[in-house]
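Listed here are the chains, written in short residue letters.
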Amino acid sequence: QVQLVESGGGLVQAGGSLKLSCAASGRTFSNYNMGWFRQAPGKEREFVAAITTAGRSTYYAESVKGRFTISRDNAKNTLYLQMNSLKPEDTAVYYCATMTSGIWGTTHRSHFGSWGQGTQVTVSS
């Protein structure tokens, strides 16, 4: 199993940017498609973005498309989420996870695993 640790969250004004990191250890990081999810207070955990093992393909939730970019550096065993033009509705705890399903394009939480502990992102208006 892969162990994941997110970092990079914080408080930012609307319109600002943040870059989240997810450091992996344990099993070979490069073997896994990866994803980012987020969970706002009182809401279900929702899909944000996903990326293939080599980083050649990605897909995003409609709510973040054009503003967020998922990437990875397999040499550093690290997954990233660059977040630009942040909005107050982006406020949430952000989690990275391995994709445990072979269904490319899935957004279901049950198709991801090895969750990290999360990092808080707060966007003020």
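Every chain is numbered on its own, with residues counted from 1 as its sequence reads. Note on the predicted model: pLDDT of at least 70 is required for a residue's local features to be given, and 80 or more for side-chain atom pairs to be given and counted; whole-chain, interface and lining totals, by contrast, use all residues. Excluding hydrogens and water, the side-chain figures rest on all heavy atoms present in the structure.

Hey, could you run me through unusual backbone geometry in this one?
Non-glycine residue asparagine 77 carries a positive phi angle of around 55 degrees. Runs of H or I in DSSP of at least four residues are treated as helices and runs of E of at least two as strands, each being numbered from the N terminus. With respect to the helices and strands, asparagine 77 occurs in the loop between strand E7 (68–73) and strand E8 (78–83).

Looking at this model, I keep getting lost on the pairing of strand E5 (residues 46–51). Mind explaining?
Note on strand geometry: in a regular strand, side chains alternate between the two faces of the sheet. Counting buried residues along E5, 5 of its 6 residues qualify, which places the element largely inside the surrounding structure. At least two DSSP bridges between two strands are needed for those strands to be called paired. Pairing of strand E4 (residues 34–39) with E5, which is carried by 5 bridges, proceeds in the antiparallel orientation. Along E5, the bridge assignment pairs tryptophan 36 with alanine 49. Counting the residues in the hairpin turn of E4 and E5 gives 6 residues, including glycine 42, whose phi is positive at 75 degrees. In this scheme, a residue with accessible area under 20% of its type's maximum is buried, one over 50% is exposed, and one in between is partly exposed, where area comes from a 1.4 Å probe on protein chains only.

Would you mind going over the environment of serine 71 with me for this structure?
The topology assignment puts serine 71 in strand E7. Looking at serine 71, the relative accessible area reads 26%, which means it is partly exposed. Spatially, the C-alpha atom of serine 71 lies 23 Å from that of alanine 40, the residues being 31 residues apart in sequence. Whether two residues are in contact is decided by their heavy atoms: any pair within 4.5 Å suffices. With near-sequence residues (within four places) excluded, serine 71 lies in contact with Ile51, Leu79 and Tyr80.

Got a minute to help me understand the state of the cysteines in this structure?
Joining two cysteines, a disulfide is a covalent bond between their sulfur atoms. Note that a disulfide, as used here, is simply two cysteine sulfur atoms within 2.5 Å. On inspection of all chains with the given rule, the structure shows 1 disulfide. Here cysteine 22 pairs with cysteine 96 through a disulfide, and the sulfurs are 2.0 Å apart. Because the torsion about its S-S bond is 65 degrees, the bridge between cysteine 22 and cysteine 96 counts as right-handed. With cysteine 22 in strand E3 (residues 18–26) and cysteine 96 in strand E9 (residues 92–99), this residue pair connects regions lying 74 residues apart in the sequence. One exposure class covers both cysteine 22 and cysteine 96, and it is buried.

Mind showing me how you'd approach the side chain of threonine 98 here?
For threonine 98, the location among the structural elements is in strand E9. Ignoring anything within four residues of it in the chain, the contact list for threonine 98 reads Val2, Leu4, Tyr32, Asn33, Met34, His111, Phe112, Gly113 and Ser114.

So what exactly am I meant to see when it comes to the packing of aromatic side chains here?
The geometry of an aromatic ring pair comes down to the distance between the two centres and the angle between the two planes. Two aromatic rings from Phe, Tyr or Trp, using only the six-membered ring of Trp, form a pair when their centres are within 6.5 Å; if the ring planes differ by under 30 degrees the pair is stacked, by over 60 it is edge-to-face, and anything between is tilted. Inspection of the entire model under this criterion finds 7 aromatic pairs. A ring pair is formed by phenylalanine 37 and phenylalanine 47, whose centres lie 5.6 Å apart and whose planes are at 85 degrees; its orientation type is edge-to-face. Within this pair, whereas phenylalanine 37 is found in strand E4, its partner phenylalanine 47 is found in strand E5, the two being separated by 10 residues in sequence. There is no split in this pair, since phenylalanine 37 and phenylalanine 47 are both buried. Aromatic side chains tyrosine 59 and tryptophan 104 sit 4.6 Å apart centroid to centroid with 90 degrees between the ring planes, which places their arrangement in the edge-to-face category. Remark: tryptophan 104 occurs in the loop between E9 and strand E10 (112–113) and tyrosine 59 occurs in strand E6 (residues 58–60); sequence separation between them is 45 residues.

I keep staring at the pattern of salt bridges and nothing clicks. Help me out?
Between side chains of opposite charge, a pair can form as their charged atoms come close. Salt bridge, as used here: a side-chain nitrogen of Lys or Arg that lies within 4 Å of a carboxyl oxygen of Asp or Glu. On inspection of all chains with the given rule, the structure shows 4 salt bridges. The salt bridge partner of glutamate 46 is arginine 38, with a shortest N-O separation of 2.6 Å. In this structure glutamate 46 comes out as partly exposed when scored by relative accessible area, which is 35%. Here aspartate 90 ties to arginine 67 by a salt bridge, and the two come within 2.7 Å at their closest N and O atoms. Here aspartate 90 is found in the loop between E8 and E9, whereas its partner arginine 67 is found in the loop between E6 and E7, with 23 residues between them in sequence. When salt bridges with common partners are traced through the structure, they connect Arg38, Glu46, Arg67 and Asp90 into a single cluster.

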